Amino acid sequence: MLLLKTSINLRSDLSWSMVYSDCIYPWLDGSVDKKGRKNYQALLNKLLPSMNIKKEESKRVVADEDSLEYHSFELDGCAYLCFIHNTNGNGFSWRTKIALKKDDKHLFCFVSLECEATGASSFPKISKPKIIDYLIKFQAGDGDVEFKRDAHILAASEIEDAKNILLGKKKNRLPIIYLSCAGRSHAIKPSELASALFGLAHVYAEKDRFLSDRIKQDVEIRIPQRGSIGLCYPGKPIVIINRNGANAKDFVWEIYFAILKSSLSANFDFSWNNFIDAENRYKKIKAENEKQIALAKQQKEKKAAENEAKKTQEKFEKNAFTKALDDKNLDQRIKKIQGNIRWFKKIHEAVYNDFKTAYIKNKELCDTISDQQKKIAELNEEIANLNADNVRLTEQNRSLENDVGTYESWVQEEEKKNKDLTEHISDLESTNENLRMGLESQKKQGGNHIPLIMPEEEEMYENEYVCQLINLFKRAVDILPRAKNTNIQRSIDVFVSILNANPDAVKIFEQKNREKEVLESYARKAELQKPKGIKAMKPFNMECGSKENNHGEPRFVKDKNERYSATEASTPSDKKRGSINGGKDTIKALLWS
């Protein structure tokens, strides 16, 4: 099971020997258990601190449950190298794979971690592979983002840089963790998170919450605010992560797991599949070259044998002719020699024919073997392609599962938007009916109005001034003291007459008062941040922000300077701000008693 994959750009002047001596060997040598004992001592006993990789293209070292192997080659002007480390223990089989590709200007490095359960029943504890800490010492940057072991604190002057991160316009390959600010604090310490994720992600943190408030006015996408965290990739939507009461250690793990999940569908400039494809092409070319060399050697040996046979025949004929000249019985000797020559020619022809037949059979056998080797190479290539396709299909399946989850979230958001639009239409219809009733009332009254001028300040919600005036008249009727020794009270009668003359305004107030009572009931239960509480605040154009310790902050949307804001309790028994923190009192302070 693939748990992690990531990519790092290294310095192009880094040699293969330095990769082994400064990264691979120190990584294995520095791995210890809780008692300080080396985890791979048996394997280290068979390894040297340095190694000449150019001398041996491939090597495998095995000790107990551990093994380390490497493969290197050159192809199309690029040098390739990979290390594979396998280890078993505690019911799990772990495999770390490191692939490197180097040309004149770049050195790409790919790292992946795989795990298979061989006896354990629970999911293994996953952490950042330690090899990354050694490789990162030779990093050559990540696009336009600097590698930093500490978090980058975003000041107000860096708003454009923050926008580029949130809009996915940076050129980084590794993800960026964006920490928004709640008040003047973060959900987790930026320095601790940056140290834990160094080599896997970059950490940026706002200096204060006003940065995200300003950015929100300029962008139309959902961004992390008031303590939430964003996982940002170039060209991809932001993944929002909330702490939701988790402790710091668990929250770091939650962020780490989100990075692991997103890395499985990430595309890199160079990956393990790219290395395997290059290695297969290299093996195919190497096999073809070896075949050509063997054929050339065979032809050379054949020609040498023919030349040697020719020299032997010429030498024999020369010696026989010289001997014949010295012989007294020359004619008999010549006839005998000619007979011997004919006999040797027959023998030579028979030997030549046998050699030719053997050569033809050998050539046919070599061609058959070559054809079989070619078919085997094609089958091996087909198997490798099928394995690579299987890996790609597995990754595509994971990516599709992520896309399905994203689509379901989008459908839910669209349904919520549709529901909000339906409620907004209902509110508009109600407002239209109120306006119609008001117009009819004005027509009935024949234009008789009290000459009052509307204040310059904008109403916080629709019909706010009407509600406040009607509430004032009603309370005045109830609380004004009557004169002694008489039942006559002109001021009370005036207020009652005004109320009777404005039945539409009274209906508007009574409707708003019922909606206020609903809002107060959710405020008493500290549920203003829940969906029902949010819905109850809409008639009054209110929203509820989030402060530290999950306290709500109900306020008017149009109140830009936050003059009329209050703090909601995180629980009904919370007395953080005295009596005004009671839900009912909070709403009365913002609306009316």
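For the structure itself, look to the data block above.
Computed from a prediction, not measured in an experiment: that's the story for all the values here.

Draft legend 1. Structural detail: the overall build of the protein. For the protein, the helix and strand inventory stands at 14 helices and 13 strands. For the protein, the residues scored as buried account for 35% of the 593 residues in total. A sequence separation of at least 24 residues applies to 62% of the contacts in the protein between residues at least 6 apart. When the accessible surface of the protein is summed, it comes to about 36900 Å², and 51% of that surface belongs to carbon and sulfur atoms.

Draft legend 2. Focus on the side chain of D559. Here D559 is to be found in the loop between β13 (552–556) and α14 (583–590). Leave out the neighbours within four places in its chain, and D559 touches M460 and Y564.

Draft legend 3. Examining the packing of helix α10 (residues 464–479) against helix α11 (residues 490–501) more closely. Interhelical geometry of α10 versus α11 gives an angle of 140° and a closest axis separation of 9 Å. Classed by the angle they form, the pair α10 and α11 counts as oblique. Of the two possible hands of crossing, α10 and α11 adopt the one that is left-handed. Each of I470, F473, K474, A476 and V477 in α10 lies in contact with α11, whose residues at this interface are I492, F495, V496, I498 and L499. Classifying every residue of the contact of α10 with α11 gives 9 nonpolar, no polar and 1 charged.

Draft legend 4. The arrangement of the nonpolar core in detail. The biggest cluster of nonpolar side chains holds 66 residues, and the ones touching the most others in it are I24, F83, I98 and I177. In terms of residue count, helix α1 (residues 16–29) provides more of this core than any other element does, 8 residues in total. Membership of the second largest hydrophobic core comes to 25 residues, among which are L499, A505, V506 and A536.

Draft legend 5. Spatial organisation of α11. A rise of 1.5 Å per residue sets the reference length of α11, with its 12 residues, at 16 Å; its end C-alpha atoms lie 16 Å apart and thus fit the reference within 8%. Looking at α11, one finds that the buried residues are I492, I498 and L499. Seen end-on, α11 carries its buried residues on one side only, within an arc spanning 125°. In α11, the exposed positions angled more than 90 degrees off the buried face are occupied by R490 and N500. Summarising the contacts, the buried residues of α11 are in contact with α10 and α12 (503–524).

Draft legend 6. The arrangement of the sheet that holds strand β4 (residues 78–89) in detail. Reading across the sheet, the 6 strands line up as β1-β6-β5-β4-β3-β2 and stay open at both edges, with antiparallel pairing between neighbours. Two strands close off the open sheet at either side, each with one partner strand: β1 (2–10) and β2 (58–63). The sheet shows a mean angle of 10° between the axes of neighbouring strands, direction not considered. Strand direction decides the pairing type here: β2 and strand β3 (residues 66–75), joined by 6 bridges, are antiparallel. Bridging from a neighbouring strand, S58 pairs with H71 of β3.

Draft legend 7. Local environment of the pattern of salt bridges. All chains considered together, the criterion is met by 28 salt bridges. In this structure, R37 and D33 form a salt bridge, with 3.0 Å as the shortest nitrogen-oxygen distance. Two residues, K535 and E423, come together in a salt bridge whose shortest N-O distance is 3.7 Å. In this pair, K535 is assigned in helix α13 (residues 531–537) and E423 in helix α9 (residues 330–445), connecting sequence segments 112 residues apart. For E423, a relative accessible area of 16% corresponds to the buried category. Linked by salt bridges that have partners in common, K416, D420, E423, K535 and K538 make up one network.

Conventions adopted
Residues numbered from 1 in each chain as written. Predicted model: local features only at pLDDT ≥ 70, side-chain atom pairs only at ≥ 80, totals over all residues. Heavy atoms only, no water. Helix = DSSP H or I, 4+ residues; strand = E, 2+ residues; numbered from the N terminus. Buried < 20%, exposed > 50% of the residue type's maximum accessible area, 1.4 Å probe, protein only. Contact = heavy atoms within 4.5 Å. Areas by Shrake-Rupley, 256 points an atom, 1.4 Å probe, with all protein chains shown as cover. Axes fitted to C-alpha atoms, helices over the stretch in contact; angles between N-to-C directions. Parallel < 35°, antiparallel > 145°, perpendicular 65-115°, else oblique. Left-handed = near helix turned anticlockwise from the far one by under 90°. Nonpolar A, V, L, I, M, F, W, Y, C, P; charged D, E, K, R; others polar. Core = buried A, V, L, I, M, F, W, Y, C linked by side-chain atoms within 4.5 Å. Expected span 1.5 Å × (residues − 1). Arc of directions from axis to C-beta. Pairing = 2+ DSSP bridges. Salt bridge = Lys/Arg side-chain N within 4 Å of Asp/Glu carboxyl O.

These results come straight from atomic positions and should not be treated as a statement about function.
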